[in-house]
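Commentary on secondary and tertiary structure
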Amino acid sequence: MRDGFVEVAAVTPEVRVADVPFNVESCATAARQAAEKDGAAVIVLPELALTAYTCEDLFWQEALLRSAESGLADLAARTADLDALIFVGVPVRAGGKLYNCAAAVCRGELLGLVPKTHIPTYNEFYEGRHFVSGPTRPVSVSFAGEKDVPLGTSLLFACTELPELVVAAEVCEDLWVPNPPSTAHAQAGATLVCNLSASNAVVGKADYRRSLVTSQSARLVCGYVYASAGAGESTQDLVFSGHDLVAENGRLLAEGAPFGTGRAVSEVDVRYLVQERTRMSTFEAAPAPEAAGYACVPFSLGADAATRETTLTRWVDPHPFVPADPAHRAERCEDVFNIQAHGLAKRLSHTRSTHAVIGLSGGLDSTLALLVTVRAFDLLGLDRAGVIAVTMPGFGTTDRTYNNACELARTVGAELREIGIAASVRQHFADIGHDEAVHDVTYENSQARERTQILMDVANQEGGLVIGTGDLSELALGWATYNGDHMSMYAVNASVPKTLVRHLVRYVADTCGNEAESKVLLDVLDTPVSPELLPATGDGKIAQKTEDLVGPYELHDFFLYEVLRRGTSPRKVYRLARYALGEKYDDATILAWLKVFYRRYFAQQFKRSCLPDGPKVGSAAVSPRGDLRMPSDACSTLWLAELEEL
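Residues numbered from 1 in each chain as written. Predicted model: local features only at pLDDT ≥ 70, side-chain atom pairs only at ≥ 80, totals over all residues. Heavy atoms only, no water.

Re the sheet that holds strand β10 (residues 192-197)
Here is the rule: Only strands that DSSP links by at least two bridges are regarded as paired with each other. Numbering of helices and strands runs from the N terminus; a helix is a DSSP stretch of H or I covering at least four residues, while a strand is a stretch of E covering at least two. The axes are straight lines fitted to the C-alpha atoms, using for helices just the contacting stretch, and the angles between their N-to-C directions are given from 0 to 180°. Two residues form a contact once any of their heavy atoms are found within 4.5 Å.
The strand order across the open sheet built from 7 strands is β13-β12-β11-β10-β9-β8-β15, with neighbouring strands paired in mixed fashion. Of all the strands in the sheet, just β13 (251-256) and β15 (295-299) have a single pairing partner and so form its edges. This sheet shows a mean twist of 20° between the axes of neighbouring strands, independent of strand direction. Direction of pairing for strand β9 (residues 166-171) relative to β10: parallel, over a ladder of 5 bridges. Counterpart to Val-167 in the pairing with β10 is Leu-192. Together, β11 (223-228), β12 (244-248) and β13 form the strand contacts of helix α4 (residues 205-220), whose direction differs from that of β12 by roughly 30°.

Following this line, the structure appears as structure tokens:
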């Protein structure tokens, strides 16, 4: 469970109606397989699995109830050597009433009994004929050979080795009501909710069930493990499909499809869930379970549980900002374009501007900014000729990027202006006494600031706005010239990561319906990313490639998502990057660029502290007025020290 990853399993064993010894054997075998083969630390079996759910009036039979009670003791004994918390469904008679319970068993001990709260008596369900709703406040009962076993709906089970792992249970119908018990469980501290279910199969129900589980996990910022009854239940009037699900904060991690394998296994990241709840000011939570009226039962998964290696099987997206599915990706691109364009349209309308000025380099970022600006002008019904694309050739400008900038401006109907910067920059070098042969940061930044000055002054001449081109990835790394390309009057790309910029441009190339425009966009996509501030090579090609200097944006965007959006620790970021991108980058490369990321992320905050306005398009952004309020003088020592320990 190292780094907070807890292996969980939802398993549907075969049962026989009212045959408790067979069901105990089946449940014990399923639990052992999940623990030993899959490494599961939390195992969930279905509702009333020790008797079968479809016993009906047999639940009134003394023989069945006694057998279920002794069967639970037998199951606990058979699984005593497993380092796993096991939930299994069992009928419990206490005080002359019958409760439909989730029994929590760990290392041979019965920890507690969580009764079902909502007892359905509608349509095909007649549970109210046999069971009653359980008490909220836990009471002590004797059951399965043990005394003082807590029984109640307000029970939590806390792992002694991993404080972030706090487990709660609810039973089937409890999830389907307007206010599920799991809501209170999560607010009391539960990070993992287990549902023992016997949800029968009817047309369309699987989709709704899946939606309920994923939605509840999102609403409660929790892991949710759902195990449903299947093979062996009576088919007198109903069929049970064995639908098993594992979800985490709105994401389906694993699914045992209806009438399928009868198991769903994955890892829930409880440390991430705690981090996410901490970040969300609107997540109402008690400081301790007892403050919410809950009893908290400790359990142990072994002394080495917290540091035990967890083999990851869950999907870790190597490109978290870019949907893998083409249809979803196209939808995402259209959504982002709309946000960018409508944001800019509002700013143009508010300032009564009929002109926009863009420094068009022939690179990806300025291309995207131009495309967004053109769409904003179309939304406002403004003439595209009011978009002034300024190409400013300098010492490093190549024919390829220059020609692409010119051609793109023409194809979209913008006004193209060419203003060379070489003479003015040389004059500036003379003014400050800089040797042009010294290609240092002064050499590079003087060009960037000269271009920004030109754009600002042209905007003043035309009564327009300078549209920023820099993207989220560059801002995170500080790969921008302070008061140069760092500055604008509205920054449309400020929250668009570099990996998504590429897909946005490709989306327009594929959908614009203009062959000439599409051709130039495809060539822009094929051009290496570069600021073009150093002289070109002897054969006129780009000499300065950004990713050779600062690192692959594919890696940096992965780091950015984990650090900015999820608050992940450096060691865990490294682990996840190796898992997601290890086939493309070796360990040394990932670690080296991760160190670069942290150094630059901390050192360059002063640039982000004074960013111009720009629209937020995704879940991660660095605006000092929105998502990131970080001191410019913060030290990266702790983060880098953790990486040095790897």
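A closer look at unusual backbone geometry
Backbone geometry places Asp-3, a non-glycine residue, at a positive phi of 70°. Turning to its location among the elements, Asp-3 is positioned in the segment before β1 (5-11). Although it is not a glycine, Val-221 adopts a positive phi angle of roughly 50°.

With respect to the environment of Ala-592
For clarity, the threshold we go by: Burial classification: accessible surface area is computed with a 1.4 Å probe over protein chains only, and a residue below 20% of its type maximum counts as buried, one above 50% as exposed, and the rest as partly exposed.
Position of Ala-592 relative to the elements: it lies in helix α17 (residues 587-603). Accessibility expressed as a relative area gives 38% for Ala-592, which makes it partly exposed. For Ala-592 and Thr-79, which are 513 residues apart along the polypeptide, the C-alpha to C-alpha distance reads 45 Å.

A short note on the packing of aromatic side chains
Selection criterion: Within 6.5 Å between ring centres, the rings of Phe, Tyr and Trp (the latter by its six-membered ring) count as paired, and their orientation is classed by plane angle as stacked under 30 degrees, edge-to-face over 60, tilted in between. By the criterion adopted, a ring carries a charge over it if an Arg CZ or a Lys NZ lies within 6 Å of its centre and within 35 degrees of its normal.
Applying the stated rule across the entire model yields 16 aromatic pairs. An angle of 35° between the planes, with centres 5.5 Å apart, marks the rings of Tyr-482 and Phe-606 as tilted. Separated by 124 residues along the polypeptide, Tyr-482 in the loop between α11 (472-477) and β20 (490-491) and Phe-606 in helix α18 (residues 605-608) bring together distant segments of the chain. Given a relative accessible area of 35%, Phe-606 falls into the partly exposed group. When the ring of Phe-602 is compared with that of Trp-639, the centres are 4.7 Å apart and the planes differ by 50°; the resulting orientation is tilted. With a gap of 37 residues between them, Phe-602 in helix α17 and Trp-639 in helix α19 (residues 637-644) connect regions that are remote in the sequence. For Phe-602, a relative accessible area of 7% translates into the label buried. In this structure an aromatic cluster arises from ring pairing among Phe-559, Phe-597, Tyr-598, Tyr-601, Phe-602 and Trp-639. Lying over the aromatic face of Tyr-553, Lys-498 brings its terminal NZ or CZ to 5.1 Å of the ring centre.

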